[in-house]
Amino acid sequence: MKLEKLGYTPKWIKFKLLNEEIFNEQLAELEKEEDQNIEHFRYYTFIHWLESKKTISDKEIENYLLLAHEDEHQLMAGSAVRSLFTSPILTDDQFEYLKEKLAEFGDWTKKLIVREDLNKRMAKEAITFEFYQECLAYKNKFEDSRLLVSIINQTEDEKILNDFETNGCGKRIRTLASKHLNKLKRAV
């Protein structure tokens with residue numbers, strides 16, 4: 001196999017993310033396609049491998065990160081690492097490990113790390129006013145409202161929902177919270 005034609009290294013085979021069948025299919029596709037962005041093939045291989053897993057070992061995570069670090073196309077590698085970090089197959093310990101490792105890929109990871117950490121907490125913890133304030137701080141720092149929308153959809157805490165009237169999140173979010181609060185009041 002001429003791995004370098006698609007930007008692969010022997011480690012892709014060694015770490016079992018790539019096999020001869022996938023490589024040959026991709027090579028045939030490259031030869032008939034006009035799209036010469038070979039990083040798309042590597043990205044597909046990362047994602048295909050990740051989606052085939054029900055669990056992942058710590059060693060497999062290390063190997064995945066090593067391949068991403070060594071890839072010449074760091075934008076694609078960052079996207080692949082983002083997919084790993086948001087994968088539901090990670091254990092809590094693996095998630096914590098990746099939070100530390102992800103920062104090595106650049107400043108863009110800060111937003112992702114904070115958001116995913118808050119998402120995991122939201123799934124496990126009760127939504128308190130303090131937690132809501134952390135999500136509001138995230139929104140204000142990164143201009144990303146998705147956590148607040150999740151809180152609105154999940155909470156029945158009137159104090160939190162009322163706070164959207166004055167928290168500066170904008171009309172759309174304020175209206176969403178107001179409608180949810182009104183719905184809760186009618187249900188009583």
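Residues numbered from 1 in each chain as written. Predicted model: local features only at pLDDT ≥ 70, side-chain atom pairs only at ≥ 80, totals over all residues. Heavy atoms only, no water.

> Looking at this structure, how should I read the packing of helix α2 (residues 20-32) against helix α3 (residues 39-51)?
Describing two packed helices takes the angle between their axes plus the distance from one axis to the other. Packing of α2 against α3 leaves a shortest axis separation of 11 Å and a crossing angle of 150 degrees. As the angle between them shows, α2 and α3 are arranged roughly antiparallel. For α2 against α3, the interelement crossing comes out right-handed. For the pair formed by α2 and α3, the contact residues are Ile22, Gln26, Glu29 and Leu30 on the first element and Phe41, Tyr44, Thr45 and His48 on the second. The residue makeup of the contact of α2 with α3, split by class, is four nonpolar, three polar and one charged. (Axes fitted to C-alpha atoms, helices over the stretch in contact; angles between N-to-C directions. Helix = DSSP H or I, 4+ residues; strand = E, 2+ residues; numbered from the N terminus. Parallel < 35°, antiparallel > 145°, perpendicular 65-115°, else oblique. Left-handed = near helix turned anticlockwise from the far one by under 90°. Contact = heavy atoms within 4.5 Å. Nonpolar A, V, L, I, M, F, W, Y, C, P; charged D, E, K, R; others polar.)

> Would you mind showing me how to read helix α4 (residues 58-70) here?
Along an α-helix, a turn takes 3.6 residues, which lines up residues three or four apart on a common side. Helix length check: α4 (13 residues) gives 18 Å between terminal C-alpha atoms against 18 Å at 1.5 Å per residue, within 8%. Those residues of α4 that sit buried are Ile61, Asn63, Tyr64, Leu65, Leu67 and Ala68. (Expected span 1.5 Å × (residues − 1). Buried < 20%, exposed > 50% of the residue type's maximum accessible area, 1.4 Å probe, protein only.)

> When you look at a negative patch on the surface in this model, what are you seeing that I'm missing?
Taken together, the side chains of Glu21, Glu25, Glu29 and Glu33 define an acidic patch exposed on the protein surface. Along the polypeptide, Glu29 turns up in helix α2. By relative accessible area, which is 35% here, Glu29 ends up partly exposed. (Patch = residues over 30% accessible without salt bridge, like charges linked within 9 Å, V, L, I, M, F, W, Y side chains within 5 Å. Areas by Shrake-Rupley, 256 points an atom, 1.4 Å probe, with all protein chains shown as cover. Salt bridge = Lys/Arg side-chain N within 4 Å of Asp/Glu carboxyl O. Lys, Arg positive; Asp, Glu negative; His and termini not counted. Charge placed at Lys NZ, Arg CZ, Asp CG, Glu CD.)

> Just to check I follow, could you spell out the environment of Arg146 for this structure?
Here Arg146 shows up in helix α9 (residues 146-154). Distance in space between the C-alpha atoms of Arg146 and Ala177 is 13 Å, their sequence separation being 31 residues. Polar contacts involving the side chain of Arg146 include one to the side chain of Asp144, which spans 2.9 Å. (Polar contact = N/O pair within 3.5 Å; in protein donor to acceptor, adjacent residues only side chain to side chain.)

> Explanation requested: unusual backbone geometry in the structure shown.
Most peptide bonds take the trans form, and the phi angle of most residues other than glycine is negative. A positive phi angle, near 65 degrees, is found at Lys16, a position not held by glycine. For Lys16, the position within the fold is in the loop between α1 (10-14) and α2. In this model, Glu143 sits at a positive phi of 55 degrees, which is unusual for a non-glycine residue. Its location among the elements puts Glu143 in the loop between α8 (129-142) and α9.

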